[in-house]
Amino acid sequence: MIRLTRMDGSEIYLNPDLMEIIEETPDTHIALLNGNRYLVLEPVAVIIDRIVTFKASIQRRSSGGTKRKYLLRQRKENYRPICPL
């Protein structure tokens, strides 16, 4: 979810996967797939930057860069397959 500011100053959080169109005609209008429209203070460049940052954080979390000790086999002697080949 990305944080945006409505024209009255209240904050909203939108799912960028539901965004269909972002228009900047002095004000920034966001149309969602479900038909809802929002008018926000942030310019399109800032919204796109926040979407890219959000997607990159999801990608970084899902990459599994850290190895878990409990997932590694310590010794091959202790490993016995259930079904012999």
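Refer to the structure presented above.
Residues numbered from 1 in each chain as written. Predicted model: local features only at pLDDT ≥ 70, side-chain atom pairs only at ≥ 80, totals over all residues. Heavy atoms only, no water.

Is there a simple way to think about the overall build of the protein in this case?
Check the secondary structure of the protein and you find 1 helix and 5 strands. Starting at the N terminus, the α and β elements of the protein follow one another as β-β-β-β-β-α. Taking all 85 residues of the protein together, the buried fraction comes to 22%. Taking the contacts inside the protein whose residues are at least 6 apart along the sequence as the reference set, 33% of them involve residues at least 24 apart. In the form shown here, the protein has an accessible surface area of approximately 7200 Å², with 54% of it arising from carbon and sulfur atoms. (Helix = DSSP H or I, 4+ residues; strand = E, 2+ residues; numbered from the N terminus. Buried < 20%, exposed > 50% of the residue type's maximum accessible area, 1.4 Å probe, protein only. Contact = heavy atoms within 4.5 Å. Areas by Shrake-Rupley, 256 points an atom, 1.4 Å probe, with all protein chains shown as cover.)

Sorry, what's going on with the sheet that holds strand 3 (residues 19-25) here?
Here 3 strands make up an open sheet; going across it, the order is 3-4-5 and the pairing antiparallel. Every other strand in the sheet has two partners, leaving strand 3 and strand 5 (37-40) as the edge strands with one partner each. The average undirected angle you get between the axes of adjacent strands in this sheet is 20 degrees. For strand 4 (residues 27-32) and strand 5, the ladder comprises 4 bridges, and the chain directions are antiparallel. Residue pairing across strands places His29 opposite Leu39, the latter belonging to strand 5. (Pairing = 2+ DSSP bridges. Axes fitted to C-alpha atoms, helices over the stretch in contact; angles between N-to-C directions.)

Help me out: how do you make sense of the pattern of salt bridges in this one?
Opposite charge on two side chains permits pairing when their charged atoms draw close. If you walk through the whole model with that rule in mind, you get 4 salt bridges. Linking Glu11 and Arg3 is a salt bridge whose minimum nitrogen-to-oxygen distance equals 3.6 Å. The exposure class of Glu11 is partly exposed, given its relative accessible area of 46%. Of the charged contacts in the structure, one is a salt bridge between Glu23 and Arg37, with a shortest N-O distance of 3.8 Å. (Salt bridge = Lys/Arg side-chain N within 4 Å of Asp/Glu carboxyl O.)

Is there a simple way to explain the environment of Ala45 in this structure?
Residue position: Ala45 is located in helix 1 (residues 44-62). Spatially, the C-alpha atom of Ala45 lies 9.8 Å from that of Glu24, the residues being 21 residues apart in sequence.

Geometry only, nothing functional implied.
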